[in-house]
Amino acid sequence: MKKRPLIWHIYPSYLWLILVAMLAVAVSASRITKAFHYEQTAGQLTSAAHLVAEQLKAGAAEEGIDALCKTLGRSSGYRLTVIGMDGIVAGDSEESPAEMDNHGNREEVVAAIAEGIGQSCRFSDTLRQEMMYVAIPLVVDGRQQAVVRASLSLERIDAALRSIWIQFLIAGVVIAVVAVAASALIVRRINRPMRRLRGRAEAFVLGETYERPPSSGISELDVLADALSGMARELHVRIGTISRQYDEISALLACMTEGVIAVDEDKRVLRMNAAALELFGVEAGACEGKGLMEVVRNAELYDLVEKTLGTEERVEGGILLTDLDRRLQVHGTVLHGKGGNRVGAVIVLSDVTSPG
Amino acid sequence: MPLQFDTDLTKLKEDLLRMGALAERMIHDVTVTAVDGNAELLKQVYEREEEMDRLQTEIDEETIRMIGVYTPVAGDLRLLMMITRINAELERIGDRVVNVGHIVESLMDKPPKTLVDLPRIAQASESMVRGALNAFVNGSESEAMAVIAADDEIDKLSDQMFRVILTHMLDDPHTMGRMLGLMLMAQAFERLADHAVNIAEDVVYMVKGKDIRHLDKQEDGGA
């Protein structure tokens, strides 16, 4: 597994969390703003359409409809259109009615005639932009005489929504930078006591007494420091016990006049006492881990070790060291581990060379 | 190289050193027999030689298997090649010791009155075989070179012994048969020392990757 500094574990998750939260807020705010503006605009357009309808009811002549639309359109800022029941445009605040298509099949016009009010948002072929339309029927003496339509470009609403998104983007960048600084601060706060812990642990490895560092103020790290402290105490006791036992065994082996060789199951030398080292002319510390044949090249001894490793019985035999012209009596016993499993053999060698 | 290669290599070296240990013991026993006339030891020498033959086959087969399976390169390949060569040298040492054994056996009825320097040559050749194997174990070029240098001493001893035997033969022609036996034994021990030198040269190649065989001849030719 690839190792990364702590900040690379904290910062990306922080950043993701913040960015996802910001995106959710931005989407939500955008939808609410859009709905609010649409609702407001629709209300304003309905009011404007009613005002035009009332003006028309008040007696505007048919040849004056287009002029009325243009006058009211200029003063209100809305586009105002009056459409006859046959779909022919009678007046429009922006264009000449003669150049305009038949509007009888427009969504909002159809809805106004059928339901009393029609609303739609769509692209205007005349003005080449997204528009919101609200249309109402002009009812005179209980009969629908025409349809009055007010409309407004949605550009303004879209611009407001774009502005919201840009603000959120800027906020995102600022927050990302702030998150780096915040993560660095958090990491530094965690790292400082961890470095102290590491320093104490390294000092302990080098043989110094382990001292628990002062409280970090972070409960998890304090728990870890306590655990390390306990482990160090326990290790200290165990190392002391093992060292004492090792010294006792070493002293015991050093006092023996017989040579002692301990080997593992693969016939690699685990230990040789001073007498064995002297007997075979081996330097202390140069034999551990080496194969028995590399340390003591004696086929008879090798066979006896092999025999010892293959039986639970005590093995006895004699060997001759041809280079030294010495006869050795060999006793081999299998070594058992803590769980009773066979881990090697111990060979005891006694010099039985006849004097002279 | 996989861990299994190291395990197999350790076992292979162990078998080779076992052969070496058998060779050392055989040289020692045949020398003791030549001096003491202990026929029981000769039986053990022949038995050990049979074991050496078996080990030689096993080591060769295992080396070929390891080269095929692990396709070793550089140092590992050199080591395996040298193991096969040292294996062959040790087997020849075993054969020569058996030859000495047969000569000792033939002289048992009428042993020579004097062995001259035979025990010295035998011990020196045994010591050289031991030294060559120590150099192999320790991967030591200097130990190997010491073995190669010791060969001159054996050659001198052998020449000296040849002259003494010749004098004995001229003084008393009746001892010719026994003295001839002694000469053949001395020659065999001298050849044992040559095998030790071959092993030492193999060790130098194994450690340094430098072939020092026939170096003297090349230098002489170039001079």
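Counting from 1, residues in each chain are numbered in the order their sequence is written. Here chains are named by letter from A upward and ligands by number from 1 upward, in the order in which they appear as written. Per-residue local features are limited, in this predicted model, to residues with pLDDT of at least 70; the limit for side-chain atom pairs, both in listing and counting, is 80 or more; totals at the level of whole chains, interfaces and linings are taken over all residues. Calculated side-chain values reflect all of the structure's heavy atoms, with hydrogen atoms and water omitted.

Right, let's get into the environment of Thr33 of chain A. Residues and elements named next belong to chain A. In DSSP terms, a helix is any run of H or I states spanning at least four residues, a strand is any run of E spanning at least two, and both are numbered starting from the N terminus. Along the chain, Thr33 falls in helix H1 (residues 7–57). Separated by 131 residues in sequence, Thr33 and Ile164 place their C-alpha atoms 9.1 Å apart. Contacts were defined at the residue level, with two residues in contact if any of their heavy atoms lie within 4.5 Å. Once you skip the residues sitting within four places of it in the chain, Thr33 turns out to touch Leu161 and Ile164.

Let us look at the interface of chain A and chain B. Counting residues at the interface gives 14 residues for chain A and 15 residues for chain B. Together chain A and chain B conceal approximately 1,400 Å² of surface at their shared face, both sides included; 50% is due to carbon and sulfur atoms. Contact with chain B buries surface across chain A, with Glu294, Arg297 and Thr322 of chain A losing the most and accounting together for 46% of the total. A side-chain nitrogen of Lys or Arg and a carboxyl oxygen of Asp or Glu constitute a salt bridge if their distance falls within 4 Å. Where chain A touches chain B, the interface holds 4 salt bridges. Between Arg25 of chain B and Glu300 of chain A there is a salt bridge; the shortest N-O distance is 2.3 Å. Under this definition, polar contacts are N or O atom pairs within 3.5 Å; protein pairs additionally need one hydrogen-donor-capable and one acceptor-capable atom, and for neighbouring residues in sequence, both atoms have to be side-chain atoms. At the junction of chain A with chain B, the criterion picks out 7 residue pairs in polar contact (both at pLDDT 80 or more). When residues of the side of chain A that touches chain B are traced back to their parent elements, those giving at least two are helix H7 (292–295) and helix H8 (299–309) of chain A. A per-element tally of the side of chain A that touches chain B places H8 of chain A first, with 4 residues. A class-by-class count of the residues in the side of chain A that touches chain B yields 4 nonpolar, 2 polar and 8 charged. Two parts placed together each lose some accessible area under a 1.4 Å probe, and the buried area is that loss summed for both. All residues other than Ala, Val, Leu, Ile, Met, Phe, Trp, Tyr, Cys, Pro, Asp, Glu, Lys and Arg, Gly among them, are scored as polar; the first ten of these are nonpolar and the last four charged.

Residue and element names in this part refer to chain A. Here 7 bridges tie strand S3 (residues 118–124) to strand S4 (residues 129–140), and the two strands are oriented antiparallel to one another. Paired with Gln119 across the bridge in S4 is Val134. Pairing between two strands is assigned when DSSP locates at least 2 bridges connecting them. Here S3 folds back onto S4, and the loop between the two strands holds 4 residues, one of which, Arg128, carries a positive phi near 60°. The sheet contact formed by S4 and strand S5 (residues 143–153) spans 10 bridges and is antiparallel. The residue bridging Tyr133 from the neighbouring strand is Ser151, located in S5. Counted along the chain from S4 to the antiparallel partner S5, the turn is 2 residues long, and its residue Asp141 has a positive phi close to 55°.

Another aspect to go through is the nonpolar core. Buried residues of nine kinds, namely Ala, Val, Leu, Ile, Met, Phe, Trp, Tyr and Cys, make up a nonpolar core once their side-chain atoms join them within 4.5 Å. Think of it in three bands: residues with accessible area under 20% of the maximum for their type are buried, residues over 50% are exposed, and the middle band is partly exposed, with areas taken using a 1.4 Å probe on protein chains only. Ile261, Met272, Phe280, Leu301 and Leu349 of chain A together with Leu90 of chain B are the most contacted members of the largest nonpolar core, which totals 96 residues. With 16 residues, the single largest contributor to this core is helix H6 (residues 176–208) of chain B. Once residues within four sequence positions are removed from consideration, Phe280 of chain A is found in contact with Ile261, Met272, Val296, Leu301, Leu321, Leu328 and Leu349 of chain A. The next biggest cluster of nonpolar side chains, apart from the first, holds 25 residues, and it includes Ala42, Leu45, Ala53 and Met132 of chain A.

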